[in-house]
Amino acid sequence: MLIRLILYIALAWGIYYALSGLFKGVSSTLKGDGAEARVDDVMQRCPECETYFPSREGLARRVGGERRLFCGDDCAGKFAQRGGPPAEGEGG
C-alpha cells in the first residue's frame, strides 16, 4: 500500500514537471521573450551589388587581405576579379 502511494506521488510529480516545462515554453513564445524576440543577426550590405542581407547568410571571402561578406557567389566572384568595389554607378 505504501509503495503504491509512493509510485502515485512520483508519477504525479513527473507529469507536473513535464507539463510545467511544456507550458513555460509556450508562454515564453507567446510573450515574445523567447528566441524570436532576440536580435542576433545584423543586416550587412554586399560590397558588390549593395543589397542588404542577414550576416548569418552571407558568404565570407578574403579579397585583398580583407575579410568581406557577400550576398552570393556571383558577387564574391565579381568583386575578387576586379579586386575592389564597383566603380560609381556600376553596382547591381
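The structure this text deals with has already been given above.
First, a word on scope: everything that follows refers to the structure included in this document. These figures come from a predicted structure and were not determined experimentally.

Moving on to the overall build of the chain. The number of helices and strands found in the chain is two helices and four strands. For the chain, the N- to C-terminal ordering of α and β elements is α-β-β-β-β-α. Pairs at least 24 apart in sequence give 24% of the contacts found in the chain among residues at least 6 apart. In the form shown here, the chain has an accessible surface area of approximately 7,500 Å², with 58% of it arising from carbon and sulfur atoms.

A separate point is the nonpolar core. Within the largest apolar cluster, nine residues are counted, these being Cys46, Cys49, Phe53, Val63, Leu69, Phe70, Cys75, Ala76 and Phe79. Secondary-structure elements contributing two or more residues to this core are strand 4 (66-70) and helix 2 (73-82). At three residues, the largest contribution of residues to this core is made by helix 2. Once residues lying within four places of it in the same chain are set aside, the contact partners of Val63 are Phe70, Phe79 and Ala80.

In this section: the pairing of strand 4. Taken together, the five bridges between strand 3 (residues 59-63) and strand 4 define a ladder with antiparallel strand orientation. Residue pairing across strands places Val63 opposite Glu66, the latter belonging to strand 4. In sequence, strand 3 turns back onto strand 4 through a hairpin of two residues, with Gly64 there showing a positive phi of about 65°.

The next thing to look at is unusual backbone geometry. With a phi close to 65°, Glu50 is a non-glycine residue in the positive phi region. One can find Glu50 in the loop between strand 1 (43-45) and strand 2 (52-54).

Looking only at helix 2, the buried set comprises Cys75, Ala76 and Phe79. Seen end-on, helix 2 carries its buried residues on one side only, within an arc spanning 100°. Those residues of helix 2 that are exposed and aimed more than 90 degrees away from the buried face are Asp73, Asp74 and Gln81. The inward-facing, buried residues of helix 2 abut strand 3 and strand 4.

Within the structure shown, the criterion is met by zero disulfides. The cysteine Cys46 is free of any disulfide, with Cys71 supplying the nearest cysteine sulfur at 3.7 Å. No disulfide involves Cys75; its sulfur sits 3.6 Å from the nearest other cysteine sulfur, which is in Cys49.

Scoring rules and cut-offs
- Residues numbered from 1 in each chain as written.
- Predicted model: local features only at pLDDT ≥ 70, side-chain atom pairs only at ≥ 80, totals over all residues.
- Heavy atoms only, no water.
- Helix = DSSP H or I, 4+ residues; strand = E, 2+ residues; numbered from the N terminus.
- Contact = heavy atoms within 4.5 Å.
- Areas by Shrake-Rupley, 256 points an atom, 1.4 Å probe, with all protein chains shown as cover.
- Core = buried A, V, L, I, M, F, W, Y, C linked by side-chain atoms within 4.5 Å.
- Buried < 20%, exposed > 50% of the residue type's maximum accessible area, 1.4 Å probe, protein only.
- Pairing = 2+ DSSP bridges.
- Arc of directions from axis to C-beta.
- Disulfide = S-S within 2.5 Å.

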